[in-house]
Amino acid sequence: MNQSCIGDGQNCSISDFKRNVYPTAYLLIFIIGLIANLISLCVFLKMWRAEKTLSSINLFMVNLTVSDLMLICSLPFRASYYINDSNWVFGDVTCRIMSYVLYVNMYGSIYFLMVLSVIRYVAITKPFTYVRQQHYRCTWLVCLSIWLLVSLASIPNLFSGTNQGRTFAVCTTTTFLQHLDTSLHWHRLPTTEHHNWHRTSNACVRPLSQSRQQTPAPS
């Protein structure tokens, strides 16, 4: 058992759970996902060689497959991280890259699934509209927009890196909102200065308000 959690049974149980369950789940998903996504890519490649083009649905599915494949390739690093009791041994640069790749492809998969759901909804409810709106260039534009959006939104993970302890290094991640909150924090007044400013302003305003209350009304 990890010595850092001795005396705290709850933390020990969480640490043991991560060390025993996370690596097994990550490696299982890695093996199954890698085989399945490579097979999918081979199928789409054969379709493209036969027809020299891909439909809009197939193009979105290719991007979804690539996104899932890149996400899966980062799982062995995560598995090793939890096997070593949340100790990152691959260096600070690798931590930043893996965190960035993880979030780019995780959010990319979500958006591509959303687009596929919308397309299927339109195809079922409005089939004639769906047939008329099969534009290859528009599909490429949507795909590029999704990749650009998730790539920019995941940039804060490139600034997270590792937190070096005495005997271990923790690989941290930073979402866009967390990075925005940290950035805004530097533009705020420190707590003591804000408190002193607020106390000074109240001291100046209170006598003025009291003098107005004590001034008799004109007859």
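Cut-off values and rules
Residues numbered from 1 in each chain as written. Predicted model: local features only at pLDDT ≥ 70, side-chain atom pairs only at ≥ 80, totals over all residues. Heavy atoms only, no water. Helix = DSSP H or I, 4+ residues; strand = E, 2+ residues; numbered from the N terminus. Buried < 20%, exposed > 50% of the residue type's maximum accessible area, 1.4 Å probe, protein only. Contact = heavy atoms within 4.5 Å. Areas by Shrake-Rupley, 256 points an atom, 1.4 Å probe, with all protein chains shown as cover. Phe/Tyr/Trp six-rings, centres within 6.5 Å; stacked < 30°, edge-to-face > 60°. Axes fitted to C-alpha atoms, helices over the stretch in contact; angles between N-to-C directions. Parallel < 35°, antiparallel > 145°, perpendicular 65-115°, else oblique. Nonpolar A, V, L, I, M, F, W, Y, C, P; charged D, E, K, R; others polar. pLDDT = per-residue confidence, 0-100. Salt bridge = Lys/Arg side-chain N within 4 Å of Asp/Glu carboxyl O. Left-handed = near helix turned anticlockwise from the far one by under 90°.

Colleague: Teacher, can you tell me more about the overall build of the protein chain here?
Modeller: Along the backbone of the protein chain there are eight helices and two strands. Scanning the protein chain from its N terminus toward the C terminus, one meets helices and strands in the order α-α-α-α-α-α-β-β-α-α. For the protein chain, buried positions account for 26% of its 219 residues. Sequence-distant contacts, at least 24 apart, represent 72% of the contacts inside the protein chain between residues at least 6 apart. Counting only carbon and sulfur atoms, one obtains 66% of the accessible surface of the protein chain, whose full area is about 15,200 Å².

Colleague: Any chance you could explain the packing of aromatic side chains here in plain terms?
Modeller: Note on aromatic pairs: each is described by the distance of the centres and the angle between the planes. On inspection of all chains with the given rule, the structure shows 10 aromatic pairs. For the ring pair Tyr22 and Tyr82, a centre distance of 4.9 Å and an interplane angle of 90° mean the geometry is edge-to-face. Note that Tyr22 is positioned in helix H1 (residues 9-51) and Tyr82 in helix H3 (residues 75-83), a separation of 60 residues in sequence. In this structure an aromatic cluster arises from ring pairing among Phe17, Tyr22, Tyr26, Phe77, Tyr81, Tyr82, Trp88 and Phe90.

Colleague: Where do I start with the environment of Asn105 in this structure?
Modeller: With respect to the element layout, Asn105 can be found in helix H4 (residues 92-125). Given a relative accessible area of 0%, Asn105 falls into the buried group. For Asn105 and Leu64, which are 41 residues apart along the polypeptide, the C-alpha to C-alpha distance reads 8.8 Å. In contact with Asn105, other than residues within four places in its own chain, are Val66, Ser67, Met70, Leu71 and Trp147.

Colleague: Explain the packing of helix H2 (residues 56-73) against H3 to me, please; I cannot follow it from the model alone.
Modeller: Relative placement of two packed helices is described by the angle separating their axes and the distance separating the axes. Between H2 and H3, whose axes approach to 4 Å, the crossing angle comes to 25°. In terms of axis orientation, H2 runs roughly parallel to H3. Only Leu75, Pro76 and Phe77 of H3 make contact with H2, whose side of the interface consists of Leu71, Ile72 and Cys73. Split by residue class, the contact of H2 with H3 holds six nonpolar, no polar and no charged.

Colleague: Just checking my understanding: could you explain the confidence of the model for the protein chain for this structure?
Modeller: The predicted coordinates should not be examined in detail at positions where pLDDT is low. Confidence along the protein chain averages 76 in pLDDT terms, with 71% of residues attaining 70 or more. Here helix H7 (residues 176-185) stands out as the least confident element of the protein chain, with mean pLDDT 43; helix H6 (residues 136-153) is the most confident, with 91. For residues 176-198, every residue scores under 50 in pLDDT, and the model assigns this stretch seven contacts once sequence neighbours within four places are set aside. Ignoring residues within four places in sequence, the model shows residues 200-219, a span with pLDDT below 50, making one contact including any to other chains.

Colleague: Would you explain the pattern of salt bridges in this entry?
Modeller: Oppositely charged side chains may form a pair once their charged atoms are brought near each other. Inspection of the entire model under this criterion finds three salt bridges. Note that Asp85 and Arg19 form a salt bridge whose closest N and O atoms lie 2.6 Å from each other. Of this pair, Asp85 sits in the loop between H3 and H4 while Arg19 is found in helix H1, placing the two residues 66 residues apart along the sequence. A relative accessible area of 21% means that Arg19 is categorised as partly exposed. Between Arg96 and Asp92 there is a salt bridge, with the nearest N and O atoms lying 2.6 Å from each other. With Arg96 and Asp92 both in helix H4 and four residues apart, the pair spans about one turn of that helix. Here the residues in one salt-bridge network are Asp16, Arg19 and Asp85, joined through shared partners.

Colleague: Could you clarify how one ought to interpret the packing of H2 against H6 in this entry?
Modeller: Closest axis-to-axis distance for the H2/H6 pair is 9 Å, and the angle between their directions is 20°. Comparing their axes, H6 and H2 come out roughly parallel. As H2 runs across H6, the sense of the crossing is right-handed. On H6, the residues touching Ser56, Leu59, Phe60, Asn63 and Ser67 of H2 are Tyr136, Thr139, Trp140, Val142, Cys143 and Trp147. In terms of residue class, the contact of H2 with H6 is made up of seven nonpolar, four polar and no charged.

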